[in-house]
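A closer look at the structure
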Amino acid sequence: MATQVSLSRRLPPISVMIAGLILVTMLVLVIFAPLIAPIDPRDVSSYSLIDMEIPPVFMDGGDPRFLLGTDNQGRDLVSVILFGLRISMLIGARAVLLAAAIGVTLGSIAGYFGGIIDSIVMRIADVLVSFPTILVALLISGIARAQLSADTVSSWAPVILIFAIAVNEWVQYARTVRASSMVEISRDYVRAAKVIGLPSRRIMMRHILPNVMSSVMVIATINLAGAILTEATLSFLGAGMPATYPSLGTLIRIGNEFLFSGLWWIAVMPAVVLVVLVLAVNIIGDYLRDRFNPKLMAN
């Protein structure tokens, strides 16, 4: 009986298993999108105006060649959504990695050295956290569009989006790592490392960071959903990916123009994929947060 209870506590709930399966499936689709997609939506020559605005296959007038129908440019929605999903996930993941790298670095330095360094880092964090993420991202995107040419902005749109999202998201990592580092430096093993003369960089990298990375991983998983939504919001507002290389947010923005003319699938299909993706990431993030919660683990 004790073994059965122990196993039941270790096994994730069915909702988490389903969310994990959905996320893995989406990752496979993203990786093999060029092979799975019937057309490459980035190739203008693949557009067919003859096939424009065809409804999904389960509706009257549907075409078996286009399972989810076509958009206003005759592009297969399955192909467009696959590439849009790929862009959204890549931008979200890279923004989270950049934010984590900045936050972990600054948080470790602030927590380990303290003093004036800690005060400077935390005051910068306080200023940034007082502004909404989407507002800061819109500001950075607007500055980039004002200073760069249209062609440069179009080609560098993913980099601008990644930086715009990461600028405001590193604060949570920095605060968490700073607090954990301040606890760890009082431990005997860190004091012993200082006594034998190990350099500060080695102490932080080999002794402190490994003990705080579980918290960083949980935060990164939860923030991934927020980064994807922020990218989708910016693209929906026209400050993100261009229409020629669309993300899910761009597809929803394009489809929104035809939503009330009866062509609902152009906006609804990408929106459903976005909702499912964010929901799956949130479920997994909540599970990891509870799983690595010391108070829950002790029970």
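These numbers come from a predicted model, not from an experiment. (Residues numbered from 1 in each chain as written. Predicted model: local features only at pLDDT ≥ 70, side-chain atom pairs only at ≥ 80, totals over all residues. Heavy atoms only, no water.)

**Let's talk about the pattern of salt bridges**
Stated precisely, the cut-off is as follows: Just to be clear on terms, a salt bridge is a Lys or Arg side-chain nitrogen sitting within 4 Å of an Asp or Glu carboxyl oxygen. Runs of E in the DSSP output that reach at least two residues are strands. Runs of H or I that reach at least four are helices, and both are numbered from the N terminus.
Taken as a whole and assessed by the stated rule, the structure comprises seven salt bridges. Linking Asp63 and Arg65 is a salt bridge whose minimum nitrogen-to-oxygen distance equals 2.9 Å. Note that Asp286 and Arg289 form a salt bridge whose closest N and O atoms lie 3.2 Å from each other. In this pair, Asp286 and Arg289 are both assigned in helix H13 (residues 265-291), three residues apart and thus about one turn of the helix distant.

**Concerning the side chain of Ser108**
Note the cut-off: Categorising residues by exposure relies on relative accessible area from a 1.4 Å probe, with only protein chains included: less than 20% of the type maximum marks a residue as buried, more than 50% marks it as exposed, and the intermediate range marks it as partly exposed. As used in this structure description, the phrase polar contact means that two N or O atoms lie within 3.5 Å; if the pair is within protein, one of them must be able to donate a hydrogen and the other to accept it, and residues adjacent in sequence are counted only when both atoms belong to side chains. Whether two residues are in contact is decided by their heavy atoms, any of which lying within 4.5 Å being enough.
Tracing the backbone through its elements, the reader meets Ser108 in helix H4 (residues 77-113). The class for Ser108 is buried, based on a relative accessible area of 7%. A distance of 2.7 Å separates a polar side-chain atom of Ser108 from the backbone oxygen of Val104. Those residues in contact with Ser108, other than ones at most four positions away along the chain, are Val177, Ser181, Met204 and Leu209.

**Things to note about helix H11 (residues 213-236)**
One turn of the α-helix equals 3.6 residues, which is why residues spaced by three or four share an orientation. Rules: Between the first and last residue of a helix there are one fewer steps than residues, each counted as 1.5 Å, and that sum is the expected span. Bend, at a single residue, is the angle you get between axes fitted to the 7 residues ending at that residue and the 7 residues starting at it.
End to end, H11 covers 34 Å across 24 residues, agreeing with the expected 34 Å (1.5 Å per residue, within 8%). The axis of H11 is deflected most strongly, by about 30 degrees, at Asn223. Gly238 sits one or two positions beyond H11 and adopts a positive phi of about 85 degrees.

**Overview of the nonpolar core**
As a reminder, the rule being used: Working definition of a nonpolar core: buried Ala, Val, Leu, Ile, Met, Phe, Trp, Tyr and Cys residues. They are joined through side-chain atoms within 4.5 Å.
Ile91, Trp170, Tyr173, Val177 and Met241 are the most contacted members of the largest nonpolar core, which totals 32 residues. Breaking this core down by element, the ones donating at least two residues are H4, helix H5 (115-129), helix H6 (133-147), helix H8 (157-184) and H11. Examining the composition of this core, we find that twelve residues originate from one element, H8, more than from any other. Other than its neighbours up to four places away in sequence, Ile91 contacts Pro158, Leu161, Ile162, Ile165, Glu231 and Met241. Within the second largest apolar cluster, 28 residues are counted, among which are Ala19, Ile228, Ala232 and Ile266.

**Some details on unusual backbone geometry**
Where the residue is not glycine, phi is negative for most of them; where a peptide bond is considered, it is trans in most cases. Its identity is not glycine, yet Glu53 carries a phi of approximately 60 degrees, on the positive side. Structurally, the position occupied by Glu53 is in the loop between helix H3 (33-36) and H4. Among the residues examined, Glu53 registers a relative accessible area of 31% and is labelled partly exposed.

**Digging into the packing of aromatic side chains**
Given two aromatic rings, one states the distance between the centres and the angle between the planes to describe the pair. Put simply, the test is: Whether two aromatic rings pair depends on their centres lying within 6.5 Å, for rings of Phe, Tyr and Trp, where Trp uses its six-membered ring; planes under 30 degrees apart make the pair stacked, over 60 edge-to-face, and the rest tilted.
Applying the stated criterion across every chain yields a total of two aromatic pairs. Each ring, one from Tyr112 and one from Phe113, has its centre 5.0 Å from the other, and the planes form 80 degrees; the classification is edge-to-face. Taking the relative accessible area as the measure of exposure, Tyr112 reaches 11% and is therefore buried. For the ring pair Trp264 and Trp265, a centre distance of 6.0 Å and an interplane angle of 85 degrees mean the geometry is edge-to-face.

**With respect to the packing of helix H12 (residues 248-256) against H13**
Formally: The angle between two axes is taken between their N-to-C directions and runs from 0 to 180 degrees, where each axis is a line fitted to C-alpha atoms and a helix contributes only its stretch in contact. Geometric relationships in this document are graded by angle, where less than 35 degrees denotes roughly parallel, more than 145 denotes roughly antiparallel, 65 to 115 denotes roughly perpendicular, and other angles denote oblique. The sense of a crossing depends on the near helix, which, turned anticlockwise from the far helix by less than a right angle, makes the crossing left-handed and, turned clockwise, makes it right-handed. Ten residues, namely Ala, Val, Leu, Ile, Met, Phe, Trp, Tyr, Cys and Pro, are considered nonpolar, four, namely Asp, Glu, Lys and Arg, are considered charged, and the remaining ones, Gly among them, are considered polar.
Between H12 and H13, the shortest axis-to-axis distance is 7 Å and the interhelical angle comes to 150 degrees. In terms of orientation, H12 lies roughly antiparallel with respect to H13. Relative to H13, the crossing made by H12 is left-handed. For the pair H12 and H13, the contacting residues are Leu248, Leu251, Ile252, Gly255 and Asn256 in the first and Ile266, Ala267, Pro270, Ala271, Val273 and Leu274 in the second. Split by residue class, the contact of H12 with H13 holds nine nonpolar, two polar and no charged.

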